[in-house]
Protein chains: 2
Amino acid sequence: MVEQVFAPKSQYRQIADLLRERIETGFYLPDDPLPSEPELASELGVSRVTVNKAISLLRTAGLVRVRRGSGTYVRSTPRITRDARYRYANPRAAELEGRALGLSPRAECTEVSKVEASTEVAVALGIDAGDPVVVRHRRLFADDEPTRLADAYLPWDIAEDSGLLEPDGAELLESDVGSGAVYAYLAERGHGPARFDEDVTVRVASDAEARALDLEDGQPVIHITHVARDADDRPVEVALHVMPAHLWRLHYDWSALRDDEYGAENDD
Amino acid sequence: MVEQVFAPKSQYRQIADLLRERIETGFYLPDDPLPSEPELASELGVSRVTVNKAISLLRTAGLVRVRRGSGTYVRSTPRITRDARYRYANPRAAELEGRALGLSPRAECTEVSKVEASTEVAVALGIDAGDPVVVRHRRLFADDEPTRLADAYLPWDIAEDSGLLEPDGAELLESDVGSGAVYAYLAERGHGPARFDEDVTVRVASDAEARALDLEDGQPVIHITHVARDADDRPVEVALHVMPAHLWRLHYDWSALRDDEYGAENDD
């Protein structure tokens, strides 16, 4: 990718690049163990410390995982494509993301309750901090691998008006794998999402997130703040998604402004 | 974020969470040094090894950086928002991303040349691997901090037809901070982008990328594959962006399908 030479090179990062290439080209297969550190050190003509640091980097990158007492294995779960526009247009899209790769999705709804909005949630929903909101905490899996933590917040009055707190609505909240069925339910009651905003950042997992998502030390997560607005431009849901970065590919697509609009902006 | 308790907790990750909170709330200010490891160990009642591992995690997260022989400092460059739709609608948007935060953008055009398309680039451009393409390698900065590597590829015939290889076009290629002026140039010649696709993944920087972007060990980068298509749905440019993850916030927004379209998809 980068053609310049930036000397001096870091030996263990070069070893990591080489092992990564072997994984990506299938020289080491998914679920297979890597050769032991002494074997790699001997083959590559470097010290065991260098091999150990290179493998640490691959763990952080989500390419391998260590099974205690057994060795280092190539991770097998492929990246899942999350197509943003499609995902929120089709109620079953979130479920289909994993199925396209032959993985079985599963949702664990850990909590649905009434809480006071944090500052972050209040700002996104256009309400005051401390105002009541309905929160739904979930943990999503593909096969047995945790793929996402999703906390969805709805303004209290919208949840109440639309019957989401009644038995049928509450059951829907607890059973829906994605957001689609809840959005369809809101749409039937006049609060269907008309517009979506997403902010994407990458950060290191907190201690609790690392445990919930089965992450190695220092592994990054993708943090998506998803806001859905109704036709009156009122935010009807804020969802915070925390996803192991190595498991996902995010896809977005959009139409450019037309030539005449484009030209007009040029003249500003 | 996660309400469940996942015992047992990792002490150094908890210390990292605590130090991160101190940085995020301004208890430790940008460009200030952190207290020394012995001072932190004593204040927090943990071992120096634990403090050292926690600070390693903050380095990976891009929150602090080590200056050799001087200590550990809070990083000062704020996250830059990259608004995808806006960025490709206004020729000066890429330049304005950093300016909004008071940072001075600078582009270093490292190379414009004719090369053979790699498999990855060929697939994205809908041509054959080995076909000629024009590549422009750049490194972008905000103040003195490298913020992005950008490699843009254009099909040879489109570059030739549109005069991008003549002196005026070549100068534009070399001087444009973003993609806007090049897109406007293509638009005037019938190849203006009508549609954009972006795939976003997160991975550990390669050795060369880590050096070019001044990254610490194991720091993740955001990798965006950006494809621009003209009105005939022909790809006219593929750009590969590699960005230090801690420096960026990606923003996307879009309109939902209308209620009637939405209902139609429900019935599938």
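Just so we're clear, the structure is a prediction, and the values are computed from it rather than from any experiment.

Peer 1: How should the packing of aromatic side chains be read in this particular structure?
Peer 2: One pair of aromatic rings is described through two measures. These are the centre distance and the angle between the planes. As enumerated under the stated definition, the model contains 15 aromatic pairs over all chains in all. An angle of 35° between the planes, with centres 6.4 Å apart, marks the rings of Tyr 88 of chain A and Trp 254 of chain B as tilted. Here the residue Tyr 88 of chain A occupies a position in the loop between α4 (84–87) and α5 (93–99), and Trp 254 of chain B occupies one in strand β10 (residues 248–255), the pair thus bridging two chains. Relative accessible area serves as the criterion here: at 3%, Tyr 88 of chain A is assigned to the buried category. Members of the aromatic cluster, connected to one another through ring pairs, are Tyr 88, Tyr 183, Phe 196, Tyr 252 and Trp 254 of chain A together with Tyr 88, Tyr 183, Phe 196, Tyr 252 and Trp 254 of chain B. Directly above the ring of Tyr 185 of chain A sits Arg 189 of chain A, whose terminal nitrogen or CZ lies 3.6 Å from the centroid. For the cation-ring pair, Arg 67 of chain B lies above Tyr 73 of chain B, with the distance from its terminal atom to the ring centre recorded as 4.2 Å.

Peer 1: How should I be thinking about the interface of chain A and chain B in this particular structure?
Peer 2: Note: interface size is frequently given as the accessible area lost on complex formation between the parts. If you look at the interface, chain A gives 78 residues, while chain B gives 78 residues. Applying the counting criterion to the chain A and chain B interface returns four salt bridges. With a shortest N-O distance of 3.1 Å, Asp 207 of chain B and Arg 13 of chain A are connected by a salt bridge. In this assembly, chain A and chain B are joined by 24 residue pairs in polar contact (both at pLDDT 80 or more). With ten residues, strand β7 (residues 195–204) of chain A is the largest single contributor of residues to the side of chain A that touches chain B. Residue composition of the side of chain A that touches chain B, by class: 38 nonpolar, 15 polar and 25 charged.

Peer 1: Please explain the relation of the copies chain A and chain B as it appears in this structure.
Peer 2: Mapping chain A onto chain B is achieved by rotating through 180° and translating by 0.0 Å along the same axis, at an RMSD of 0.0 Å. Here the symmetry operator amounts to a two-fold rotation axis.

Peer 1: How should the packing of helix α8 (residues 167–175) of chain B against helix α9 (residues 180–188) of chain B be read in this particular structure?
Peer 2: Two numbers describe a pair of packed helices, the interaxial angle and the distance between the axes. All names here are of chain B. α9 packs onto α8 with a crossing angle of 150° between their chain directions and a minimal axis gap of 8 Å. By the angle between their axes, α8 is roughly antiparallel relative to α9. Taking contact as the criterion, the partners of Gly 169, Leu 172 and Leu 173 in α8 are, on α9, Ala 181, Val 182 and Tyr 185. Its residues placed into classes, the contact of α8 with α9 shows five nonpolar, one polar and no charged.

Peer 1: What exactly am I supposed to notice about the domain arrangement of chain A here?
Peer 2: All names here are of chain A. Partitioning chain A into structural domains gives domain 1 (11–74) and domain 2 (80–251). Domain 1 and domain 2 are separated by 35 Å when their C-alpha centres are compared. Taken together, the contact between domain 1 and domain 2 spans seven residues of the former and eight residues of the latter. Summing both sides of the interface, domain 1 and domain 2 together bury roughly 540 Å²; the carbon and sulfur share of this comes to 33%. Broken down residue by residue, the surface that domain 1 buries against domain 2 is led by Arg 59, Thr 60 and Arg 65, which jointly contribute 75%. When the shortest N-O distance is used, the salt bridge between Arg 65 and Asp 214 registers 2.8 Å. Counting across the interface, domain 1 meets domain 2 through three residue pairs in polar contact (both at pLDDT 80 or more).

Thresholds applied
Residues numbered from 1 in each chain as written. Chains lettered and ligands numbered in written order. Predicted model: local features only at pLDDT ≥ 70, side-chain atom pairs only at ≥ 80, totals over all residues. Heavy atoms only, no water. Phe/Tyr/Trp six-rings, centres within 6.5 Å; stacked < 30°, edge-to-face > 60°. Helix = DSSP H or I, 4+ residues; strand = E, 2+ residues; numbered from the N terminus. Buried < 20%, exposed > 50% of the residue type's maximum accessible area, 1.4 Å probe, protein only. Lys NZ or Arg CZ within 6 Å of the ring centre and 35° of its normal. Contact = heavy atoms within 4.5 Å. Salt bridge = Lys/Arg side-chain N within 4 Å of Asp/Glu carboxyl O. Polar contact = N/O pair within 3.5 Å; in protein donor to acceptor, adjacent residues only side chain to side chain. Nonpolar A, V, L, I, M, F, W, Y, C, P; charged D, E, K, R; others polar. Least-squares fit on C-alpha atoms with pLDDT ≥ 70 in both. Axes fitted to C-alpha atoms, helices over the stretch in contact; angles between N-to-C directions. Parallel < 35°, antiparallel > 145°, perpendicular 65-115°, else oblique. Domains from an automatic or database assignment. Buried area = accessible area lost by both parts, 1.4 Å probe.

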